[in-house]
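Per-entry structural report
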Amino acid sequence: MNIKKATISDLERIVPLFDAYRVFYKQKSDFELARRFLKERFANNESVIFIALEDEEPIGFTQLYETFSSVSLQPSYILNDLYVSPNHRKKGVGEALLNKAKYHCEEMGYKGLALETAADNPAQKLYERLSWENDPNYIHYFWKNSKA
């Protein structure tokens, strides 16, 4: 398995994984919409995507978005997306992608990585094993724009 930072030339390899990720979260499959979304992220340098390859076949990815802390005055990343193809799960792909994201964060000198997940997501055990900490001091809120 090889994990590499994706570029625009990897777009067509990422689209099927990204679409499957969205379908996993109950969204309608739409390769063109997925392609357009990812192409805009690359064009605007708005995210960092790592792709896992096995014999050049894409088997998983993670996508990071940059954010900043006004309190600590430091940049950090939000690990927004993590997906591994079903037939490649339980083989260390998710762990390798998470470790690559952590290493990239260290290389950049960023404060850290944040992620949120569903309360029933079994991947929590993996996160905790890799030194991610659940922060009981904060509650997550979200305002939904009814016009979007």
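In what follows, the structure referred to is the one given above.
Let me begin by describing the structure that accompanies this report. Please read all numbers here as calculations on a predicted model, not as lab measurements.

**Some details on the overall build of the protein chain**
In terms of regular secondary structure, the protein chain is built from four helices and five strands. Traced from its N-terminal end to its C-terminal end, the protein chain shows the element sequence β-α-α-β-β-β-α-β-α. Computed over the C-alpha atoms, the radius of gyration of the protein chain is 16 Å, within 12% of the 15 Å expected from 2.2 N^0.38 for a compact globule of 148 residues. Counting all 148 residues of the protein chain, 35% fall into the buried class. The long-range fraction of contacts in the protein chain, counting pairs at least 24 apart against all pairs at least 6 apart in sequence, stands at 56%. Per element, the accessible surface of the protein chain, about 10100 Å² overall, is 52% carbon and sulfur. The positive charge centre, built from 20 side chains, and the negative charge centre, built from 21, are 4 Å apart in the protein chain.

**Remarks on the environment of Arg129**
Looking at where Arg129 falls in the secondary structure, it is placed in helix α4 (residues 124-129). Residue Arg129 is classed as exposed on the basis of its relative accessible area, which comes to 54%. Taking the C-alpha atoms as reference points, Arg129 and Lys111, 18 residues apart in sequence, are found 20 Å from one another. At a separation of 3.0 Å, a polar atom in the side chain of Arg129 contacts the side chain of Glu95.

**So, the pattern of salt bridges**
Using the criterion set out here, one finds eight salt bridges in the structure. Ionic pairing is found between Asp10 and Lys4, a salt bridge with its closest N-O pair at 3.0 Å. In this structure, Arg13 engages Glu56 in a salt bridge whose closest nitrogen and oxygen atoms are separated by 3.2 Å. Taken together, the residues span a long stretch of sequence, with Arg13 in helix α1 (residues 11-24) and Glu56 in the loop between β2 (48-54) and β3 (57-69) at a distance of 43 residues. Through salt bridges with shared partners, a single network forms among Lys4, Asp10, Arg13 and Glu56.

**Describing α1**
The end-to-end C-alpha distance of α1, which contains 14 residues, comes to 20 Å, matching closely the 20 Å that a straight helix rising 1.5 Å per residue would cover. On its buried face, α1 is in contact with α2 (31-43), β2, β3 and β4 (74-84). One or two positions beyond α1, positive phi appears at Lys26, with a value near 70°.

**Digging into unusual backbone geometry**
Glycine aside, a negative phi is what most residues show, and trans is what most peptide bonds show. Of note, the phi angle at Leu73 is positive, near 60°, even though the residue is not glycine. Secondary-structure assignment places Leu73 in the loop between β3 and β4. With phi around 75°, Ser131 is a residue other than glycine that occupies positive phi space. Of note, Ser131 is situated in the segment after α4.

The rules we used
Residues numbered from 1 in each chain as written. Predicted model: local features only at pLDDT ≥ 70, side-chain atom pairs only at ≥ 80, totals over all residues. Heavy atoms only, no water. Helix = DSSP H or I, 4+ residues; strand = E, 2+ residues; numbered from the N terminus. Rg over C-alpha atoms; globule rule 2.2 N^0.38 Å. Buried < 20%, exposed > 50% of the residue type's maximum accessible area, 1.4 Å probe, protein only. Contact = heavy atoms within 4.5 Å. Areas by Shrake-Rupley, 256 points an atom, 1.4 Å probe, with all protein chains shown as cover. Lys, Arg positive; Asp, Glu negative; His and termini not counted. Charge placed at Lys NZ, Arg CZ, Asp CG, Glu CD. Polar contact = N/O pair within 3.5 Å; in protein donor to acceptor, adjacent residues only side chain to side chain. Salt bridge = Lys/Arg side-chain N within 4 Å of Asp/Glu carboxyl O. Expected span 1.5 Å × (residues − 1).

That's the geometry; what it means functionally is another story.
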